[in-house]
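If you want the building blocks of each chain, they are given just below.
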Amino acid sequence: MHALYITHPQVRIDPAVPVPQWGLSERGAERSREAGRLPWALALRHIVCSAETKAIETARILAETSGAEIEIVEEMHENDRSSTGFLTPPEFEKAADWFFAHPQESFRGWERAIDAQARIVNAVRAILDRHDTQRPIAFVGHGGVGTLLKCHIEGRRISRSEDQPPGGGNLFRFSIADFSLAAASPACDWTAMETWQG
């Protein structure tokens, strides 16, 4: 059996609102609805998401048609960037490059990449350890920790070269049995959720 890791799609950026409280944009919600009508989404029985608004909204939209159970797990949140507050997109991209290039160091007080990776890996493993492998499951979260999880699953060093394509709303498939991407059948690297056919 396999699992999916799905990143939330486009959000409404509002510098006046804390990032964890940002919701999906109209485009992000529409992409989620498109994905929710596909066979792989209709087969889902359990969706686990972080407690951030954009992840919860994505999970709820995906579950609308399938009726999948939604579980919120705080430990699945994005890497903690609260020390810097809002960064403009160009500033954020530079900071993210630094974050992935220096995994054992903190960017201006951010959670270190190695710590965020350990947290997301442990959270996913804990859920899978108690999961009924006959029930299709998806994890809905964020691009940064999703990339860190993928690096771990593939046995690769932390690198932004493993990051998802721009825009979010991408997924990859991995094996529950041995926690590997290659063993998933068929294997699936980052793919836009509304185009993947499962």
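In case you missed it, the structure is sitting above this.
Presented here is a report on the structure given in the accompanying data block. (Residues numbered from 1 in each chain as written. Predicted model: local features only at pLDDT ≥ 70, side-chain atom pairs only at ≥ 80, totals over all residues. Heavy atoms only, no water.)

## Some words on the pairing of strand β3 (residues 69–72)
Within a regular strand, the side chains alternate between the two sheet faces. Summarising the sheet, strand β2 (residues 46–49) and β3 pair through four bridges and their orientation is parallel. Paired with I47 across the bridge in β3 is I70. The parallel pair β2 and β3 is bridged by helix α3 (residues 53–66), and the resulting crossover is right-handed. (Pairing = 2+ DSSP bridges. Helix = DSSP H or I, 4+ residues; strand = E, 2+ residues; numbered from the N terminus. Right-handed = clockwise from strand over helix to strand, strands pointing away.)

## Observations concerning the packing of helix α5 (residues 113–129) against helix α6 (residues 143–154)
Between α5 and α6, whose axes approach to 9 Å, the crossing angle comes to 75°. By the angle between their directions, the pair α5 and α6 is classed as roughly perpendicular. Of α6, the residues touching α5 (which contributes A113, A116, Q117, R119, I120, V121, V124 and R125) are V145, L148, L149, C151 and H152. Counted by class, the contact of α5 with α6 contains nine nonpolar, two polar and two charged residues. (Axes fitted to C-alpha atoms, helices over the stretch in contact; angles between N-to-C directions. Parallel < 35°, antiparallel > 145°, perpendicular 65-115°, else oblique. Contact = heavy atoms within 4.5 Å. Nonpolar A, V, L, I, M, F, W, Y, C, P; charged D, E, K, R; others polar.)

## Some details on the packing of aromatic side chains
Here the structure, examined in full by the defined rule, presents eleven aromatic pairs. Judged by centre distance (5.7 Å) and plane angle (50°), the rings of W98 and F107 are tilted. Judged by its relative accessible area of 26%, W98 is partly exposed. Their ring planes at 85° and their centres at 5.1 Å tell us that F99 and F100 sit as a pair that is edge-to-face. According to the relative accessible area criterion, F100 is buried, its value standing at 5%. (Phe/Tyr/Trp six-rings, centres within 6.5 Å; stacked < 30°, edge-to-face > 60°. Buried < 20%, exposed > 50% of the residue type's maximum accessible area, 1.4 Å probe, protein only.)

## Considerations on the nonpolar core
Among the nonpolar cores identified, the biggest contains 32 residues, and Y5, M76, F139, L149 and F174 are the most heavily contacted of them. Contributing elements (two or more residues each) for this core: β1 (2–7), α4 (89–101), α5, β4 (137–141), α6 and β5 (170–175). With eight residues, α5 is the largest single contributor of residues to this core. A55, I56, A138 and W196 belong to the second largest nonpolar core, which has 21 residues in total. (Core = buried A, V, L, I, M, F, W, Y, C linked by side-chain atoms within 4.5 Å.)

## Re the sheet that holds β1
One open sheet accounts for six strands, arranged β3-β2-β4-β1-β5-β6; its pairing is mixed. With partners counted over all chains shown, the strands left at the sheet margins are β3 and β6 (188–192), one partner each. Taking each pair of neighbouring strands and ignoring which way they run, the sheet shows an average axis angle of 20°. Contacting β2, β4 and β5, α5 crosses the sheet at an angle of about 155° to β4.

## Re α3
A rise of 1.5 Å per residue sets the reference length of α3, with its 14 residues, at 20 Å; its end C-alpha atoms lie 21 Å apart and thus fit the reference within 8%. Within α3 the residues assigned to the buried category are K54, A55, I56, T58, A59, I61, L62, A63 and S66. In this structure, the buried side of α3 is in contact with β1, α1 (26–36), α2 (39–42), β2, β3 and β4. Remark: G67 follows α3 within two positions and exhibits a positive phi of approximately 75°. (Expected span 1.5 Å × (residues − 1).)

## A look at unusual backbone geometry
Backbone geometry places R108, a non-glycine residue, at a positive phi of 45°. By secondary structure assignment, the location of R108 is in the loop between α4 and α5.

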